[in-house]
Amino acid sequence: MGRALPDDVLPHLGPRAVLWVLEGNERARRFYEKAGRSADGVTRDAPMGGELTHQPRYARTAAR
């Protein structure tokens with residue numbers, strides 16, 4: 001179910017879907033990488049829970 005949902009939703013999000021993941025969340029990063037997404041080199045710092053977090057962006061180009 002975890003992998004099927006993003007694959008089902010991706011075509012409805014336009015030609016390129018992105019997501020942000022906490023830099024230290026290795027479990028989530030491995031999940032996204034196994035699902036065909038990869039960090040594209042863009043990062044952001046965003047507040048979460050009262051602390052500033054560093055987040056790499058993951059992307060996968062949707063099939064046409």
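Structure report, in brief. Residue positions are given per chain, counted from 1 along the sequence in the order it is written. Residue-level local features of this predicted model are given only where pLDDT is at least 70; pairs of side-chain atoms are given and counted only at 80 or more, and the full residue set underlies all totals for whole chains, interfaces and linings. Only hydrogens and water are removed before side-chain values are computed, so all heavy atoms of the structure are retained for them.

### Looking at a negative patch on the surface
And then number 1: Only residues whose relative accessible area exceeds 30% and that take part in no salt bridge are eligible for patches, with like-charged residues grouped when within 9 Å of each other and nonpolar side chains (Val, Leu, Ile, Met, Phe, Trp, Tyr) grouped when within 5 Å. Reported accessibility uses the Shrake-Rupley method at a 1.4 Å probe radius. Residues are deemed covered only where the shown protein chains occlude them. The rule for a salt bridge is simple: a side-chain nitrogen of Lys or Arg has to be within 4 Å of a carboxyl oxygen of Asp or Glu. In this tally Asp and Glu are treated as negative and Lys and Arg as positive; neither His nor the chain ends contributes. Working definition for charges: the position is that of NZ of Lys, CZ of Arg, CG of Asp or CD of Glu. Together, Glu23, Glu26, Glu33 and Asp45 make up a region of like negative charge exposed at the surface.
And then number 2: Going along the chain from the N terminus, every DSSP run of H or I of four or more residues is numbered as a helix, and every run of E of two or more is numbered as a strand. Looking at the secondary structure, you find Glu33 in helix α2 (residues 26-34).
And then number 3: Relative accessibility under 20% of the residue-type maximum defines a buried residue, over 50% an exposed one, and the middle range a partly exposed one, all with a 1.4 Å probe and only protein chains included. Residue class for Glu33 comes out partly exposed when judged on its relative accessible area of 44%.

### Description of the packing of aromatic side chains
And then number 1: Aromatic contacts are taken between Phe, Tyr and Trp rings whose centres are within 6.5 Å, Trp giving its six-membered ring; a plane angle under 30 degrees counts as stacked, one over 60 as edge-to-face, and the others as tilted. According to the stated counting rule, one finds 2 aromatic pairs in the structure shown.
And then number 2: Taken together, the ring pairs connect Phe31, Tyr32 and Tyr58 into an aromatic cluster.

### Points about the side chain of Gln55
And then number 1: Assignment of secondary structure puts Gln55 in strand β3 (residues 51-61).
And then number 2: Look at Gln55 and you get buried, because its relative accessible area is 4%.
And then number 3: At a separation of 2.7 Å, a polar atom in the side chain of Gln55 contacts the side chain of Arg44.
And then number 4: For Gln55, the side chain forms a polar contact with the side chain of Thr53, separated by 2.9 Å. As used in this structure description, the phrase polar contact means that two N or O atoms lie within 3.5 Å; if the pair is within protein, one of them must be able to donate a hydrogen and the other to accept it, and residues adjacent in sequence are counted only when both atoms belong to side chains.

### Topic: the pattern of salt bridges
And then number 1: Per the counting criterion, the structure on display carries 1 salt bridge.
And then number 2: Linking Arg57 and Asp40 is a salt bridge whose minimum nitrogen-to-oxygen distance equals 2.8 Å. With Arg57 in strand β3 and Asp40 in strand β2 (residues 38-48), this pair connects stretches of sequence that are 17 residues apart.
And then number 3: Assessed through its relative accessible area of 28%, Asp40 is described here as partly exposed.

### Comments concerning the environment of Arg60
And then number 1: Inspection of the secondary structure assignment puts Arg60 in strand β3.
And then number 2: Taking the C-alpha atoms as reference, Arg60 lies 4.9 Å from Arg37; in sequence the two are 23 residues apart.
And then number 3: Within the local environment of Arg60, its side chain forms a polar contact with the backbone oxygen of Ala35, the two atoms lying 2.9 Å apart.

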